[in-house]
Amino acid sequence: MSMKRTNWPVTILLVIGSLIVLFPLYMTLMIAVKSPQEMADAVLAWPKEWHWSNFKEAVDMTNFSHAFQNSSIITVFAVIFTLLTNSLVSYAVARNMDKRLFKMLYFYFVSALFVPFPIIMLPLVKEVSKLGMNNQTGLIVLYVVYGIAFNLFLYVGYLRSIPAELEEAAVMDGASVWGTFWKVIFPLLSPINATVAILTCIWAWNDFLLPLIILSKPSMATLPLAQYIFQSKFGVQYNYAFASYLMALLPMIIVYLVAQRWIISGVVRGAVKS
Amino acid sequence: MRKNMTPFYLMVIPAFLLFFFFHTLPMLMGVFYSFTNWNGLSPSYKMVGFKNFLNVFQDPQVYSAYGFTFKFAILTTVIVNIISLAVAVGLNSRIKLKNTLRAVYFLPNILSMLIIGFIFNYFFSNILPDVMSKAGMSGLAFNILGSENTAWIGIVIVTVWQATAFNIILYLAGLQTIPADLYEASSLDGASKWKEFWHITFPMIAPFFTINMVLALKNFLMVFDQIVAMTGGGPAKSTTSISYLIFTDGFQGGSFSYQSANSVIYFIVIVVISMIQLKILQKREMSLS
């Protein structure tokens, strides 16, 4: 191995390519920290003076802390309830796939992956608002329920690799099916739980369409939705707008910087299973 | 020993009911409304049979939305897969900064498409024309999002920027499953890199190619966020996708039942395409291996 040399041309090409990936974020930062005057002089140049006050303005204009709070609550609860419920449902299905009813249930959930969202979108809004669920709670419920279609698929694939003898032993010892699941199976699901948590988190945090049609008041807005609602407020004050975009992107970027390897392998595991 | 089934039923019944109520029921209602003349608001409506469907088939706006959506989705799928396969092969070769580069290329996957769309919107309308005119290419110094003929290109670019991330990582995972001795055997034969790619690498990652093509096309056919952020479906409706049309006209345009019919047709189209795609690509995979 050590005989082979580094492939420099490819390294250089990939570095150049990565600049294309980073450029929009660099541009966002540069605009976010400049004054309109400085931006007119040179948009992409390194700023002479950092106008952190742009961020304060943006926070006030878009009610950032409120939107951040909404996004956080929705994402955290969507992830927690998805893990607790979807794994349980998958367990029941995976351990009874030999029974017709459960097999049908499996295909029922998974076939929903083929249904394009627009077909359910219009009646869904009527239904949800009739129930008074056109708020954050309703949104969390929808993420958890819709998540089943794909998560069931992931969990069942993984559960099949766990030998049934483990739980049979627990049942012999007098544990209930519920107890067996929470004490024996759920801890064993950690790797796939991580994948489901990561995918749900990325989805719920960045989703725009569902909050757009479900949430009835601007005060309920999630971060992406808040950017959309307050877009007109910015007018030509691009510095405030970009400060606001940057703040909306930043929480996810920070999480990514910290847990990058974990996130990538989680997403890969989710995709390869499909 | 007979298994006690009660706990298993208790585990799945609530999930089934909720899923039926929030997913299947709205879908059935959508199908039902597509046979009515309901505008989404008025207290009464009546059944109109296939009238909505017949009208959808004659609607130039619907045809243009399908035209844009398919042009966009097919082209973007091809570009994304070419770029991401090339980058993945690069990342899998003997390079420096491997982990850093991998992390950078995956970054767009975790970012909000809507916000990325806003950022690119500014780039296309302010930065790019400026750069072009300074570079002496005044013919290209215009906002591509502002013209009927070029706005779709902007949507393609922003989508490629974001979507390659996921595909790169998936191809990379595929490349890492190829045993190294396969290459060693071929390098002894003096096989060229290009031949090596087509005869060893590509057949080995064929399943990943299948997943990427299917997922990418399916996602791109749903294109929505980018359009909201960049063009609002314009100019002159040239970038109105099917999802965007159903959304705007169904909710705001008062043609609820009409757009329901459109979405039923769309559903059938998507199912048929997914089936065909899987069949073709699986057959290819079989013949390759």
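Since this is a predicted model, take the numbers as computed values, not measurements.

## A short note on the overall build of chain B
Next up, step 1: Looking only at helices and strands, chain B has 12 helices and 0 strands in total.
Next up, step 2: Moving toward the C terminus, one meets the helices and strands of chain B in the order α-α-α-α-α-α-α-α-α-α-α-α.
Next up, step 3: On C-alpha atoms alone, chain B measures out to a radius of gyration of 24 Å, which is more than a quarter above the 19 Å that the 2.2 N^0.38 rule sets for 289 residues.
Next up, step 4: Oriented by its inertia axes, the alpha-carbon framework of chain B measures out at about 80 × 75 × 35 Å.
Next up, step 5: For chain B, long-range pairs separated by at least 24 residues make up 74% of all intrachain contacts whose partners lie at least 6 apart in sequence.

## Quick notes on the domain arrangement of chain A
All names here are of chain A.
Next up, step 1: Each domain of chain A was delimited in the assignment, giving domain 1 (1-51) and domain 2 (54-273).
Next up, step 2: Computed from C-alpha coordinates alone, the two centres of domain 1 and domain 2 are separated by 32 Å.
Next up, step 3: On the domain 2 side, the residues contacting the 10 residues of domain 1 number 7 residues.
Next up, step 4: Mapped onto the side of domain 1 that touches domain 2, the elements with two or more residues apiece are α1 (8-32) and α2 (36-41).
Next up, step 5: For the side of domain 1 that touches domain 2, the element with the most residues is α1, which contributes 4 residues.
Next up, step 6: The residue makeup of the side of domain 1 that touches domain 2, split by class, is 6 nonpolar, 3 polar and 1 charged.

## Examining the interface of chain B and chain A
Frequently, the measure chosen for interface size is the accessible area removed from exposure when the parts meet.
Next up, step 1: Of the residues lining the interface, 64 residues belong to chain B; the matching set on chain A comes to 64 residues.
Next up, step 2: Of all the secondary-structure elements, those providing two or more residues to the side of chain B that touches chain A are α1 (6-33), α3 (60-92), α4 (98-106), α5 (113-134), α6 (151-175), α10 (225-230), α11 (242-252) and α12 (256-288) of chain B.
Next up, step 3: No other element matches the 15 residues that α1(B) contributes to the side of chain B that touches chain A.

## A look at the nonpolar core
Next up, step 1: Core analysis: the biggest nonpolar cluster contains 155 residues, and A:Val89, A:Tyr245, B:Ile115, B:Ile168 and B:Ile169 have the highest contact counts within it.
Next up, step 2: Top element by residues in this core is helix α7 (residues 136-159) of chain A. It accounts for 15 residues.
Next up, step 3: Both domain 1 (1-51) and domain 2 (54-273) of chain A contribute no fewer than three residues apiece to this core.
Next up, step 4: When residues no more than four places from it in sequence are discounted, the contact partners of B:Ile169 are A:Ile264, A:Val267, A:Val268 and B:Phe106.

## Examining the confidence of the model for chain B
Next up, step 1: Mean pLDDT over chain B: 88, with 96% of residues reaching 70 or higher.
Next up, step 2: Across the interface, the model reports ipTM at 0.90; the global pTM reads 0.90.

## Considering unusual backbone geometry
Next up, step 1: Residues B:Gly234 and B:Pro235 are joined by a peptide bond in cis, for which omega reads -10 degrees.
Next up, step 2: With respect to the helices, strands and loops of the structure, B:Pro235 is situated in the loop between α10 and α11.
Next up, step 3: Look at A:Asn63: it is not a glycine, yet its phi comes out positive at around 55 degrees.
Next up, step 4: Structurally, A:Asn63 can be placed in the loop between α3 (53-62) and α4 (64-94).
Next up, step 5: Here A:Asn63 falls in the partly exposed class, since 17 other C-beta atoms lie within 10 Å of it.
Next up, step 6: Positive phi, normally seen in glycine, also occurs at B:Ala236, with a value near 55 degrees.

Definitions and limits used
Residues numbered from 1 in each chain as written. Chains lettered and ligands numbered in written order. Predicted model: local features only at pLDDT ≥ 70, side-chain atom pairs only at ≥ 80, totals over all residues. Helix = DSSP H or I, 4+ residues; strand = E, 2+ residues; numbered from the N terminus. Rg over C-alpha atoms; globule rule 2.2 N^0.38 Å. Contact = placed C-beta atoms within 7 Å. Domains from an automatic or database assignment. Nonpolar A, V, L, I, M, F, W, Y, C, P; charged D, E, K, R; others polar. Core = buried A, V, L, I, M, F, W, Y, C linked by C-beta atoms within 7 Å. Buried ≥ 20, exposed ≤ 12 C-beta atoms within 10 Å, placed from the backbone. pLDDT = per-residue confidence, 0-100.

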